[in-house]
Amino acid sequence: MRTRFCPSPTGTVHVGVMRAALYNWAYARHTGGAFVVRIEDTDPARNTLESERHLLDCLRWLGLNWDEGPEIGGPHGPYRQSERSEVYRDVVARLLESGHAYESFSTPEEVNARRAAAGQDPKLGYDNADRTTTDAQRAAFLAEGREAVVRLRMPDADLTWHDHVRGEVRFAAGAVPDFVLVRGNGTPLYTLVNPVDDALMGITDVLRGEDLLSSTPRQLALYAALTDIGVAAGTPRFGHLPLVMGEGNKKLSKRDPQSNFDVYRDRGFLPEGLVNYLALLGWSIAEDRDVFSPEEMAAAFDVDSVNANAARFDLKKAEAINATHLRALPVDEFISRVAPYLAGAGLVADPPTAEQAATLEAIAPLAQERMIVLSDAVGLLGFLFAEDVEIDPAAADKQLGAGAGEVLDAASAALEALPEWTTPAIETALKEALVEGLGRKPRQAFGPVRVAVSGRTVSPPLYESMELLGRERTLGRLAAARGIATG
RNA sequence: GCCCCCAUCGUCUAGCGGUCCAGGACGCCGCCCUUUCAAGGCGGUAGCACGGGUUCGAACCCCGUUGGGGGCACCA
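Because the structure is predicted, anything quoted here is derived from the model rather than measured. (Residues numbered from 1 in each chain as written. Chains lettered and ligands numbered in written order. Predicted model: local features only at pLDDT ≥ 70, side-chain atom pairs only at ≥ 80, totals over all residues. Heavy atoms only, no water.)

Draft legend 1. Quick look at the overall build of chain A. Helix and strand counts for chain A come out as 20 helices and 11 strands. Taking 23 Å as the expected radius of gyration for a compact globule of 487 residues, we find that chain A reaches 31 Å, considerably beyond that expectation. Evaluated residue by residue, chain A yields a buried proportion of 49% over its 487 residues. Of all intrachain contacts in chain A linking residues separated by at least 6 positions in sequence, the fraction that spans at least 24 positions is 75%. With the model as given, the accessible surface of chain A reaches about 22100 Å², and the carbon-plus-sulfur share is 51%. (Helix = DSSP H or I, 4+ residues; strand = E, 2+ residues; numbered from the N terminus. Rg over C-alpha atoms; globule rule 2.2 N^0.38 Å. Buried < 20%, exposed > 50% of the residue type's maximum accessible area, 1.4 Å probe, protein only. Contact = heavy atoms within 4.5 Å. Areas by Shrake-Rupley, 256 points an atom, 1.4 Å probe, with all protein chains shown as cover.)

What follows is the structure, given as structure tokens:
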């Protein structure tokens, strides 16, 4: 099997597009085939090199390594369509020569006028009228300075195929007009270039979004022509993947912020977490299981079992899956992944100093199970790497109101006198002072202390955090919180 | 408007004629654990769009209806 991913390098990277890449990758890996990447940059107005680099970087980050394609080459290169003009020119010449394609001089206005004259809806589009253009007419058009587009002559037969995910699909003969392969200015269109390259690159299975389903009949016709002139060895199998939907009930569009792949990466989703979630959008590994590694996916993935329903992107579930992967990370691995986020926020040096590394190592196991994405560490652990802590106003409202002053005073007094600064000693002292001494319920006793020390209502376990913070900083923070406590 | 695709809990899904008064996960709600919040454990909530067939038997097959989605460029 040979599958491919052929993005157009424009703007941001879309999660739906990456899901398609993932399925292609997984299918190739599952079958022991090859995964080919090709850059479809035939629209110079919209394509940028920067965008291409970013796309490839996202693929690499997700772990979707390709066997042939940009940057690594391969036997069917070049893998960038902007570098394949001669190939297309040659194919078009042969298509024209064999009569599968023809020059078409009608302008869109003329087509519409003909439709209107016949009392038809102009939405019907091109009417195949130029199939019969004579040499004399052609010469006249050329003399007028007209440019011709090149169109494929569609066969007069139903077009059907067996789709990997949808089964038999059929389009009636005549449903698709002769479509344009080459612009008037001579540059080729996606409609030509995509099947030509798939043919030339030996792609056996085309897995792509359902939004391309209705362009399949055209491609089938082109493949037949290409096979006839010896460019293609046959027609690939197709599999049309369910669309990824957004919040509403519409295809997740590029304009939708949720569709931007970068935001997940930047927030600190793990590649394996995102792979896992994306895989679930239309496929399941087993009846009672939905957490798995990319390798497990590749081992189990089969396109024929992909679900045909459109799938809504559910951030909550994506986060839950990611959190599971995060917790499953070995601690040292977790530390090395989280450190860049802390460094990025200016909390630790890059790399962390010996002291910071020691703190990180001590707190990591406690922090790991409280996080969803890596960037959560910034808020959760920031208090350990700064002299002072900024208290979250909402947390202050909640915990530094009535009765907090008394708690903070008692905590300070108990901790000041502590002979040794260890987690068990802190625990004992605080419980004695607050729970027994003041008769507070644990949740009321420790809430204000937690906010004073960490600045938040959610933090790693309290006593351990205090030990790591040291007596001086802890007492300083209790005093600072006492200053703003209202009760 | 035309063509095509789709239809199981709020969401993602399992189910491919009987083993399903429909299983898992996220979410949500309880309870337990507990120093907060989480995490973890336990339990609960909620679904086969509708109508006809076919069949001894239908979530599964067929037809229709309704609903949703996608596509109809000299974009990709």
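Draft legend 2. Local environment of helix H17 (residues 423-437). The end-to-end C-alpha distance of H17 is 19 Å, a good match for the 21 Å that 15 residues give at a rise of 1.5 Å each. Where H17 bends most, the angle comes to about 30°, and this point is Lys431. Turning to H17, its buried residues are Thr423, Ala425, Ile426, Ala429, Leu430, Ala433 and Leu434. Directly after H17, the chain includes Gly439, whose backbone phi takes a positive value near 70°. (Expected span 1.5 Å × (residues − 1). Bend = angle between axes of the 7 residues up to and from the residue.)

Draft legend 3. Summary view of the pattern of salt bridges. Counted under the stated rule, the structure contains 30 salt bridges. For Arg84, the salt bridge identified is with Asp197, shortest N-O distance 2.8 Å. One end of the pair, Arg84, is in the loop between helix H2 (49-62) and helix H3 (85-97); the other, Asp197, is in helix H6 (residues 190-200), and 113 residues separate them in sequence. By the burial criterion, Arg84 is buried, and Asp197 matches it. A salt bridge links Arg289 to Glu296; the shortest N-O distance between them is 3.0 Å. Residues joined by salt bridges that share partners form a network here, namely Arg4, Arg38, Glu40, Arg84, Asp197 and Asp198. (Salt bridge = Lys/Arg side-chain N within 4 Å of Asp/Glu carboxyl O.)

Draft legend 4. Structural view of the side chain of Ser51. Tracing the backbone through its elements, the reader meets Ser51 in helix H2. Setting aside residues no more than four positions away along its own chain, Ser51 makes contact with Pro9, Thr10 and Gly11.

Draft legend 5. Quick look at the packing of helix H16 (residues 404-416) against H17. Packing of H16 against H17 brings their axes to within 9 Å, and their N-to-C directions diverge by 135°. Taken as axis vectors, H16 and H17 run oblique relative to one another. Classified by chirality, the crossing of H17 by H16 is right-handed. Residues Val407, Ala410, Ala411, Ala414 and Leu415 of H16 form the contact with H17, whose participating residues are Ile426, Ala429, Leu430, Ala433 and Leu434. (Axes fitted to C-alpha atoms, helices over the stretch in contact; angles between N-to-C directions. Parallel < 35°, antiparallel > 145°, perpendicular 65-115°, else oblique. Left-handed = near helix turned anticlockwise from the far one by under 90°.)

Draft legend 6. Focus on the pairing of strand S1 (residues 2-5). Residues of S1 alternate between two faces, with Arg2 and Arg4 on one and Thr3 and Phe5 on the opposite face, all of them buried. Of the strand pairs in this sheet, S1 and strand S2 (residues 34-37) are connected by 4 bridges, and their pairing is parallel. Within S2, the position partnered with Phe5 by the bridge is Val37. With helix H1 (residues 15-31) bridging S1 and the parallel S2, this β-α-β connection has right-handed handedness. (Pairing = 2+ DSSP bridges. Right-handed = clockwise from strand over helix to strand, strands pointing away.)

Draft legend 7. Summary view of the packing of helix H13 (residues 354-368) against helix H19 (residues 462-469). Between H13 and H19, whose axes approach to 11 Å, the crossing angle comes to 175°. In terms of orientation, H13 and H19 fall into the roughly antiparallel class. In contact with Thr359, Ala362, Ile363 and Leu366 of H13, H19 contributes Glu464, Ser465 and Leu468.

Draft legend 8. The sheet that holds strand S4 (residues 149-152), seen in detail. Strand order in the open sheet formed by 3 strands is S3-S4-S7, and the pairing between neighbours is antiparallel. The sheet is open, and its two edges are formed by strand S3 (101-104) and strand S7 (180-182), each paired on a single side. The mean inter-strand angle of the sheet, taken between neighbouring strand axes irrespective of direction, is 45°. Judged from the 2 bridges that link them, S4 and S7 form a sheet pairing that is antiparallel. Bridge pairing in S7 links Arg151 to Val180.

Draft legend 9. Layout of the environment of Gly401. With respect to the helices and strands, Gly401 occurs in the loop between helix H15 (393-399) and H16. Along the backbone, Gly401 and Pro448 are 47 residues apart, and their C-alpha atoms lie at a distance of 8.6 Å.

Draft legend 10. Region of interest: unusual backbone geometry. Here the bond from Gly77 into Pro78 is cis, since omega is -5°, no more than 30 degrees from zero. The topology assignment puts Pro78 in the loop between H2 and H3. Omega for the peptide link from Asp350 to Pro351 comes to 0°, which places this bond in the cis form. Looking at where Pro351 falls in the secondary structure, it is placed in the loop between helix H12 (331-344) and H13.

Draft legend 11. A look at the protein's contact with RNA strand B. Near RNA strand B, the surroundings consist of 57 residues, among which Arg166, Leu189, Asp290, Arg450 and Thr457 are the closest. Close to the protein, within 4 Å, the atoms of RNA strand B are drawn from sugar and phosphate at a rate of 71%. Between RNA strand B and Lys250 there is a distance of 2.7 Å, counted from a phosphate oxygen to a side-chain nitrogen or oxygen. For RNA strand B, a base nitrogen lies 3.0 Å from a polar atom in the side chain of Lys317. Of all the secondary-structure elements, those providing two or more residues to the surface near RNA strand B are strand S6 (167-171), strand S11 (311-312), helix H11 (315-328), helix H18 (442-454) and H19. Considering only residue class, the surface near RNA strand B consists of 21 nonpolar, 11 polar and 25 charged. (Near = heavy atom within 4 Å. Polar contact = N/O pair within 3.5 Å; in protein donor to acceptor, adjacent residues only side chain to side chain. Nonpolar A, V, L, I, M, F, W, Y, C, P; charged D, E, K, R; others polar.)

Draft legend 12. Spotlight on the pairing of strand S5 (residues 159-163). Burial of S5 is one-sided: the residues Leu159, Trp161 and Asp163 facing one way are buried, the residues Thr160 and His162 facing the other way are not. As consecutive antiparallel partners, S5 and S6 are separated by 3 residues.

Draft legend 13. Focus on the packing of aromatic side chains. Scanning the model with the defined rule gives 11 aromatic pairs in all. Ring centres of Phe105 and Phe141 lie 4.9 Å apart, and the angle between their planes is 20°; on these two criteria the pair is classed as stacked. Linking Phe105 in the loop between S3 and helix H4 (108-117) with Phe141 in helix H5 (residues 135-144), this pair joins segments that are 36 residues apart in sequence. Note on Phe105: relative accessible area 3%, which makes it buried. An aromatic cluster is present here, built from Tyr23, Trp283, Phe292 and Phe301 joined pairwise through their rings. Over the face of the ring belonging to Tyr126 we find Arg151, whose NZ or CZ atom lies 3.5 Å from the ring centre. Over the face of the ring belonging to Phe179 we find Arg218, whose NZ or CZ atom lies 5.2 Å from the ring centre. (Phe/Tyr/Trp six-rings, centres within 6.5 Å; stacked < 30°, edge-to-face > 60°. Lys NZ or Arg CZ within 6 Å of the ring centre and 35° of its normal.)

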